[in-house]
Amino acid sequence: GESVRVIQRDAADLCFSGGAESKINLMGVFRMNLTGRLAPTGSEIDGGTLVRPYDPSATGGLLGEGAGIVILEELALAKGRAGKVYAEIAGFGAGQSGPKHLHLVGRGAPSGVDEGLRGAIESALSDAQIGPGEIDAVLPHASGIPEMDGSEADTLRAIFGDRLASIPLVTVTPNVGDAMAGNGGLAAGVAALCLFHQRLPARVHAGRPVPDLQGGASAATPWKLRNVLVCTSSFGGQNAALVLRHAQ
């Protein structure tokens, strides 16, 4: 989103944008375990059976290491050099949540609408000059942490209403774990590929999410996609949302 603004104000023609973080280390795992956000693994070695977004019986998330970097370029320049355009960023928004994100799992952290995330999504939709009815798929955080998932789900319900049950979710975390600062870049790249190939990837889920969210296990399938919403949150309360559009 920041790179888009840089290009819009003519401060650059092209930006490398994304994120990465290393959490699979002693301090990273220790800190996350102290917050109570990690799922007990026992002898299980398949993370896809443990990370179950929006499943009331989920026990927490798992850490992953990943990165996503995309190249953003002013559209006319990209087309002028016959570059492969995977998607267009139509809208961006950001918002800050209150301190509930800092609460420990199992210590009464409430669900309910996350106004920071809601503001980010609404700003992205407004920037794209579309309404919620024009979103064809959503890439949420879907961390597998019940309190975060509950708040995210309530926020999506507030945005999309009853239509949410018919919007496919593309969940990345059950595949790779929570890449923290790497999530946004990964999600943007996945969304761009969905739009480019007009296809939803297979979805991993070993449990049963709440019935008004399309988050359960599913096979890859062709899907007509015009606008895709990407929304990510953080434990510190930062939220960002992008509307990616199919490149004509």
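Residues numbered from 1 in each chain as written. Predicted model: local features only at pLDDT ≥ 70, side-chain atom pairs only at ≥ 80, totals over all residues. Heavy atoms only, no water.

## Notes on the nonpolar core
As a reminder, the rule being used: In this text, buried Ala, Val, Leu, Ile, Met, Phe, Trp, Tyr and Cys residues form a nonpolar core when linked through side-chain atoms within 4.5 Å. Working definition: with a 1.4 Å probe on protein chains only, accessible area under 20% of the residue-type maximum means buried, over 50% means exposed, and in between means partly exposed. Only runs of H or I of at least four residues qualify as helices and only runs of E of at least two qualify as strands under DSSP, and these elements are numbered from the N terminus.
Formed by 24 residues in total, the largest nonpolar core has its most connected members in Ile121, Ile135, Val138, Phe160, Leu229 and Val243. Put simply, the parts of the chain that give this core at least two residues each are helix 4 (115-128), helix 5 (146-160), strand 7 (227-232) and strand 8 (238-245). The biggest single contributor to this core is helix 4, with 6 residues. If you look at the next biggest cluster of nonpolar residues, it comprises 17 residues, including Val170, Val172, Leu195 and Leu225.

## Some remarks on the sheet that holds strand 3 (residues 88-96)
Put simply, the rule is: Pairing between two strands requires that DSSP report at least two bridges joining them. Axes, fitted as lines to C-alpha atoms, cover a helix only where it is in contact. Angles between the N-to-C directions of the axes lie from 0 to 180 degrees.
Spatially, the 4 strands line up as an open sheet ordered 3-8-7-4, and their pairing is mixed. One side of each edge strand has no neighbouring strand; the edge strands of this open sheet are strand 3 and strand 4 (137-139). In this sheet, adjacent strand axes meet at a mean angle of 15 degrees when their direction is disregarded. Pairing analysis gives 8 bridges linking strand 3 to strand 8, with the strands arranged antiparallel. What sits directly across from Ile89, in strand 8, is Leu244.

## Observations regarding a nonpolar patch on the surface
We count it as follows: Residues enter patches when they are more than 30% accessible in relative terms and free of salt bridges; like-charged ones are connected within 9 Å and nonpolar ones (Val, Leu, Ile, Met, Phe, Trp, Tyr) within 5 Å. In short, Shrake-Rupley with a 1.4 Å probe defines the accessible areas, and a residue's cover is counted only from the protein chains shown. Salt bridge, as applied in this entry: a Lys or Arg side-chain nitrogen positioned within 4 Å of an Asp or Glu carboxyl oxygen.
Residues Leu14, Phe16, Ile69 and Ile71 make up a contiguous nonpolar surface patch of roughly 440 Å² in combined accessible area. Breaking the nonpolar patch down by element, the ones donating at least two residues are strand 1 (14-21) and strand 2 (66-73). Turning to its location among the elements, Leu14 is positioned in strand 1. Here Leu14 falls in the partly exposed class, since its relative accessible area comes to 37%.

## Examining unusual backbone geometry
At Asp10, a position not held by glycine, the phi torsion is positive, near 65 degrees. The residue Asp10 is located in the loop between helix 1 (2-8) and strand 1 in this model. Asp10 gets classed as exposed once you look at its relative accessible area, which sits at 64%. Unusually for a residue other than glycine, Ala142 sits at a positive phi of about 50 degrees. For Ala142, the location among the structural elements is in the loop between strand 4 and helix 5.

## Observations concerning the packing of helix 4 against helix 5
For clarity, the cut-off: The labels follow the angle: roughly parallel below 35 degrees, roughly antiparallel above 145, roughly perpendicular from 65 to 115, and oblique for the rest. The handedness criterion is simple: a crossing whose near helix is rotated anticlockwise from the far helix by less than a right angle is left-handed, and one whose near helix is rotated clockwise is right-handed. By the convention used here, residues are in contact when the closest approach between their heavy atoms is within 4.5 Å.
Orientation of helix 4 relative to helix 5, taken along the N-to-C sense of each, is 40 degrees, at an axis distance of 10 Å. On the basis of the axis angle, helix 4 is oblique to helix 5. Handedness of the helix 4/helix 5 crossing: right-handed. Contacts between helix 4 and helix 5 involve Leu117, Arg118, Ile121, Glu122 and Leu125 on the former and, on the latter, Glu152, Thr155, Leu156, Ala158 and Ile159.

## Some remarks on the pattern of salt bridges
A full pass over the atoms with the stated rule returns 7 salt bridges. When the shortest N-O distance is used, the salt bridge between Arg52 and Asp55 registers 3.2 Å. Taken as a pair, Arg52 and Asp55 share a single burial class, namely buried. Put simply, Arg157 and Asp212 hold a salt bridge, and the shortest N to O gap is 2.5 Å. Of this pair, Arg157 sits in helix 5 while Asp212 sits in the loop between strand 5 (199-200) and strand 6 (221-222); the two residues are 55 residues apart in sequence, bridging distant segments of the chain. Residue class for Arg157 comes out partly exposed when judged on its relative accessible area of 27%. One salt-bridge network, in which partners are shared between bridges, spans Asp154, Arg157 and Asp212.

## Observations concerning the packing of aromatic side chains
Applicable threshold: Each pair of aromatic rings taken from Phe, Tyr and Trp, with Trp reduced to its six-membered ring, is defined by centres within 6.5 Å and is described as stacked if the planes are under 30 degrees apart, edge-to-face if over 60, and tilted in the remaining cases.
Under the counting rule described, the total for this entry stands at 1 aromatic pair. Measuring from centroid to centroid gives 4.7 Å for Tyr86 and Phe196, while their planes differ by 50 degrees, and the two rings are tilted. Taken together, the residues Tyr86 in the loop between helix 3 (75-80) and strand 3 and Phe196 in helix 7 (residues 183-197) connect sequence positions 110 residues apart. Residue Phe196 is classed as partly exposed on the basis of its relative accessible area of 33%.

## Concerning helix 4
To be explicit about the condition: Multiplying one less than the number of residues by 1.5 Å gives the expected span of a helix. Here a polar contact means two N or O atoms within 3.5 Å. Within protein one must be a hydrogen donor candidate and the other an acceptor candidate, and residues neighboring in sequence count only if both atoms are side-chain atoms.
With 14 residues, helix 4 ought to run about 20 Å at 1.5 Å a step, and its terminal C-alpha atoms sit 20 Å apart, in line with that. Every buried residue of helix 4 is accounted for by Gly116, Leu117, Ala120, Ile121, Ala124, Leu125 and Ala128. The N-capping residue of helix 4, defined by a side-chain oxygen 3.0 Å from the backbone nitrogen of Gly116, is Asp114. Gln129 sits one or two positions beyond helix 4 and adopts a positive phi of about 60 degrees.

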